[in-house]
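Chain by chain, the residues run as shown.
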Amino acid sequence: MLLFYTYVHYYPKKKYDFTIRQLASHTAGIRGYRGTEYGLNKPYSIKESIKLFKDDELLFKPGTDYLYNSFDWVLISLAMQEASGVPFEEYVKMKVLQPLGMDHTFWPDFYYAQSGQQEEQQSNSDLIEESGQIQFSFDEQDEEPTLEAQSISYENNAASARSQSRASDVVTFYSKNRLGFREAIPVDNFYKLAGGGFLSTTEDIAKFGQAFLTGQVLNSALQNEFLTAQKVNGASVYYGLGWQVSEDSKGRPFYGHVGNGVGGYSNFFVYPKEQMVFSILTNCTNLKIQPELDEIINHLISSDEAIQ
C-alpha cells in the first residue's frame with residue numbers, strides 16, 4: 001500500500017492518510033474545482049499548484065466514496081517527480097511518448113500564459129459561462145529520463161521545460177454560448193499535465209490505445225489492475241486507475257476517457273473485444289454532442305461487425 005505521504009512528505013497531513021491507488025481511482029477524498037479554478041491562467045509548476053487545495057480537508061474518508069477531480073492526478077504527478085527526481089513531463093516523454101512514437105503530443109506553452117493579468121481581467125460570469133462540467137481531459141500519465149543529476153530543482157524549472165512547446169502547431173480553441181462561438185478564454189494547464197494538460201492529435205491518441213490492445217505498455221497482470229473498475233461500498237464506480245471502465249448502450253465493454261476542458265472536448269475509447277480504438281478531439285468546450293458521438297462509434301462498430 002503506497003501512501004502518498006511517503007513521497008510527498010511536505011503535503012499537509014489530513015485526518016486520514018490516503019494512497020496513490022486511491023488518488024488514481026478518485027476515492028481519496030480530495031476536493032474538485034471551486035469557482036473559476038478550472039480556468040486559471042497562471043504559470044504554476046506542479047509543486048506550486050498544490051497551494052490551491054493543499055490546506056483543505058478531505059471531503060470523505062478515503063475509500064468510502066468517489067469524486068472525479070483533476071487534483072488527484074496533480075498529486076500523483078507530484079509524487080512521481082519526488083520519487084524519480086525527474087520532471088513529470090520529461091518522464092512521460094521518455095517512458096511513453098518516445099517509445100510509442102507519439103511525436104505530436106507535447107505539453108502546452110501558450111504565449112499568453114506569461115501575461116499574468118488576463119485571468120484576473122476576465123469576469124466571473126464569462127468564466128462560469130465557459131465552464132460546462134469539467135469531466136476530464138485524458139488522465140494522461142507517466143514519464144522519465146535519467147534519475148541522477150536531474151533531481152535538482154525540477155519544481156522551479158517549468159519555464160525552461162516549456163521551451164519544448166510547439167505553440168505554432170496548436171489550433172484555436174473555442175467556446176459556445178447562447179450568442180454563438182467565440183475564442184475560449186486563455187488558460188494555463190501546465191500544472192495539471194497528468195489530468196488533461198497535454199496537447200495531442202487523434203492519431204497519437206489512437207497509437208496510445210493500440211499500444212494497450214497489443215500489450216506494449218504494461219504486462220497483462222498490471223494492465224488488469226489499471227482496467228478493473230473499483231468498488232465503493234460494494235458498488236462499481238465504473239472507473240479503474242485513471243481509466244473509465246464501463247459498457248456502452250449495447251452492452252459492449254470499453255475503457256478510455258471522456259475529456260472536457262476550456263476550449264476542448266474529447267473521446268478516447270478502447271473496445272478490447274472488437275479490437276477497435278476511437279479517438280475524437282474537438283477544439284471547443286463541450287458542445288453537448290456526446291449522443292451524436294456515441295451514435296458514430298456505434299455505427300462504425302456495427303459496420304465493422306457486418307464486414308467480418
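Here the structure is a predicted model, which is why all the values come from computation and not from measurement.

A. Representation of the overall build of the protein. A tally of helices and strands in the protein yields 10 helices and 8 strands. Of the accessible surface of the protein, which amounts to about 14900 Å², a share of 51% is contributed by carbon and sulfur atoms.

B. Expanded view of the sheet that holds strand E6 (residues 253–261). In spatial order, the strands read E5-E6-E7-E8; together these 4 strands make up an open sheet with antiparallel pairing. Because the sheet does not close on itself, it has two edges, and the strands there are strand E5 (244–247) and strand E8 (276–282). The average undirected angle you get between the axes of adjacent strands in this sheet is 20°. With 4 bridges joining them, E5 and E6 adopt antiparallel strand pairing.

C. Just the environment of Lys14, in detail. Structurally, Lys14 is set in the segment before helix H1 (20–24). Along the chain, Lys14 and Lys54 lie 40 residues apart, while their C-alpha atoms are 9.6 Å from each other. Here Asp56 takes part through its backbone oxygen, which lies 3.0 Å from a polar atom of the side chain of Lys14.

D. Broad picture of the pattern of salt bridges. In total, this model carries 7 salt bridges according to the counting rule given. Taking the shortest distance from any N to any O, the salt bridge between Lys54 and Asp55 comes out at 3.4 Å. Across the pair Asp248 and Arg252 runs a salt bridge, and its minimum N-O distance is 2.8 Å. Note on accessibility: Asp248 and Arg252 belong to one class, buried. The network of salt bridges with common partners includes Arg31, Arg34, Glu37 and Asp56.

E. Summary view of the nonpolar core. Counting 51 residues, the largest nonpolar core has Phe4, Tyr11, Phe18, Leu23, Ile30, Phe53 and Leu75 as the members making the most contacts within it. Those elements that provide at least two residues to this core are H1, helix H3 (71–84), helix H4 (88–97), helix H8 (202–213) and strand E7 (264–271). In terms of residue count, the dominant contributor to this core is H3 (8 residues). Setting aside its immediate chain neighbours within four residues, Leu75 contacts Phe4, Tyr11, Phe18, Leu23, Ile30, Ile50 and Phe53. Core analysis: the next-biggest nonpolar cluster, separate from the first, contains 10 residues, Tyr265, Met276, Phe278 and Ile301 among them.

F. Quick look at the packing of H3 against H4. Here H3 crosses H4 at 80°, and the two axes come no closer than 9 Å. Judged by the angle between their axes, H3 and H4 are roughly perpendicular. Between H3 and H4, the residues in contact are Ser77, Met80, Gln81 and Ser84 and Phe88, Glu89 and Tyr91, respectively. Looking at the contact of H3 with H4 residue by residue, the class counts come to 3 nonpolar, 3 polar and 1 charged.

G. Main features of the side chain of Asp248. Here Asp248 shows up in the loop between E5 and E6. Looking at Asp248, its side chain comes within polar contact range of the side chain of Arg252, at 2.8 Å. Polar contacts involving the side chain of Asp248 include one to the side chain of Tyr271, which spans 3.0 Å. Other than its neighbours up to four places away in sequence, Asp248 contacts Phe254 and Tyr271.

H. Representation of the packing of aromatic side chains in the model. The final tally for this structure, using the stated rule, is 22 aromatic pairs. For the ring pair Phe208 and Phe268, a centre distance of 6.1 Å and an interplane angle of 40° mean the geometry is tilted. Highlighted residues: Phe208 in helix H8 and Phe268 in strand E7, separated in sequence by 60 residues. Given the relative accessible area of 13%, Phe208 is considered buried.

Criteria and thresholds
Residues numbered from 1 in each chain as written. Predicted model: local features only at pLDDT ≥ 70, side-chain atom pairs only at ≥ 80, totals over all residues. Heavy atoms only, no water. Helix = DSSP H or I, 4+ residues; strand = E, 2+ residues; numbered from the N terminus. Areas by Shrake-Rupley, 256 points an atom, 1.4 Å probe, with all protein chains shown as cover. Pairing = 2+ DSSP bridges. Axes fitted to C-alpha atoms, helices over the stretch in contact; angles between N-to-C directions. Polar contact = N/O pair within 3.5 Å; in protein donor to acceptor, adjacent residues only side chain to side chain. Salt bridge = Lys/Arg side-chain N within 4 Å of Asp/Glu carboxyl O. Buried < 20%, exposed > 50% of the residue type's maximum accessible area, 1.4 Å probe, protein only. Core = buried A, V, L, I, M, F, W, Y, C linked by side-chain atoms within 4.5 Å. Contact = heavy atoms within 4.5 Å. Parallel < 35°, antiparallel > 145°, perpendicular 65-115°, else oblique. Nonpolar A, V, L, I, M, F, W, Y, C, P; charged D, E, K, R; others polar. Phe/Tyr/Trp six-rings, centres within 6.5 Å; stacked < 30°, edge-to-face > 60°.

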